[in-house]
Amino acid sequence: MDTSASLYTQRLHIKDDKFEIESLHHYVLSIFVGYSSFQLCVVDGKSSRCLLLEDYQLHDIESIAGLINALQQIFDQHHLLLAGFWHSIKVCVKNQHFSFVPSAVFQPSATADYLKFSTTFDEAQEAAYFYRLTQGHAICTFSIDHRITSWLKSIYPNARMQYLHQAACFTEGILKNK
């Protein structure tokens, strides 16, 4: 690939021999999106085995439009990402727009309000989400720019998508591996 015109560099590619392209409908695609990097992971939904892991460094991304442009370039040049028949898709965002709330006081209708304690939240540009940690009695509230979710929905119009924040994933990993 000619990296001079590229908005990204692939840093890692690990593929298990058990990966079968005709089994995508059993696989869970996880994508991790941030301004400086993008990762993807494919896990067999039946065995929980990681079958594919890739890591990309993004170059000079300073806006949502630039991020979407870089992601579009990765997706267009990738042989799997545009497939529309994944079992499910998990989207993990990497940004500073998150907050943790104790489960005992959490109210779903106040998700956006909890974000305002730790970050700016622009309802015109962002949607507020929450994720209940399986351990720890906490809720991670976070926001994602509408342009990212709209772009993903245009690629995967019929997919079951779950949105997460890297802080929730990291916290759950720590709690599970005490």
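Details of the structure are given in the entry above.
A quick note: this is a predicted structure, and the numbers were derived from the prediction, not measured.

> What is the right way to read the overall build of the chain from this model?
Assigned secondary structure in the chain consists of four helices and nine strands. Secondary structure elements in the chain, listed N-terminal to C-terminal, are β-β-β-β-α-β-β-α-β-β-α-β-α. In summary, the chain has a C-alpha radius of gyration of 17 Å against a globular reference of 16 Å for 178 residues, a match within 12%. Its C-alpha atoms put the chain at 50 × 40 × 30 Å along the principal axes. Pairs at least 24 residues apart make up 60% of the contacts formed inside the chain by residues separated by at least 6 positions. Surface summary for the chain: the accessible area is close to 9700 Å², and the carbon and sulfur share equals 52%. Taking the average location of the 14 positive side-chain charges in the chain and that of its 17 negative ones, the two points are 10 Å from each other.

> I keep staring at helix α4 (residues 166-176) and nothing clicks. Help me out?
For α4, the full list of buried residues reads A167, A168 and E172. Looking down the long axis of α4, one finds its buried residues gathered within 130° of arc, a one-sided arrangement.

> Can you help me understand the packing of aromatic side chains in this one?
Two aromatic rings, taken as a pair, are described by how far apart their centres are and by the angle between their planes. Counting across every chain of the model gives eleven aromatic pairs. Arranged with centres 5.9 Å apart and planes meeting at 45°, the rings of F38 and Y56 form a pair that is tilted. One end of the pair, F38, is in strand β3 (residues 37-44); the other, Y56, is in strand β4 (residues 50-58), with 18 residues separating them in the sequence. In this structure, F38 and Y56 share a single accessibility class: buried.

Cut-offs applied
- For every chain, the first residue of the written sequence is number 1, and numbering continues from 1 along that sequence.
- With pLDDT at 70 or above as the cut-off, local features in this predicted model cover only qualifying residues; side-chain atom pairs require 80 or more to be listed or tallied, and sums for whole chains, interfaces and linings still use all residues.
- As a rule here, side-chain values cover all heavy atoms of the structure and leave hydrogens and water aside.
- Only DSSP runs of H or I with at least four residues qualify as helices, and only runs of E with at least two residues qualify as strands; both kinds are numbered from the N terminus onward.
- Using C-alpha atoms as the atom set, the radius of gyration is obtained and then compared with a globule rule of 2.2 Å times the number of residues to the power 0.38.
- Contacts are residue-level and defined by heavy atoms, with any inter-residue pair within 4.5 Å sufficient.
- Each accessible area is a Shrake-Rupley estimate made with a 1.4 Å probe; only the visible protein chains count as cover when residues are assessed.
- Positive residues here are Lys and Arg, negative ones are Asp and Glu, while His and the chain termini are left out of the count.
- Just so you know, the charge point we use is NZ for Lys, CZ for Arg, CG for Asp and CD for Glu.
- Using a 1.4 Å probe on the protein chains alone, a residue whose accessible area is under 20% of its type maximum counts as buried, one over 50% counts as exposed, and one in between counts as partly exposed.
- Within this analysis, the arc is defined by the directions that extend from the helix axis to the C-beta atoms.
- Between rings of Phe, Tyr and Trp, where Trp is taken as its six-membered ring, a pair exists when centres lie within 6.5 Å; planes separated by under 30 degrees are stacked, by over 60 edge-to-face, and by other angles tilted.

Keep in mind these values describe shape, not function.
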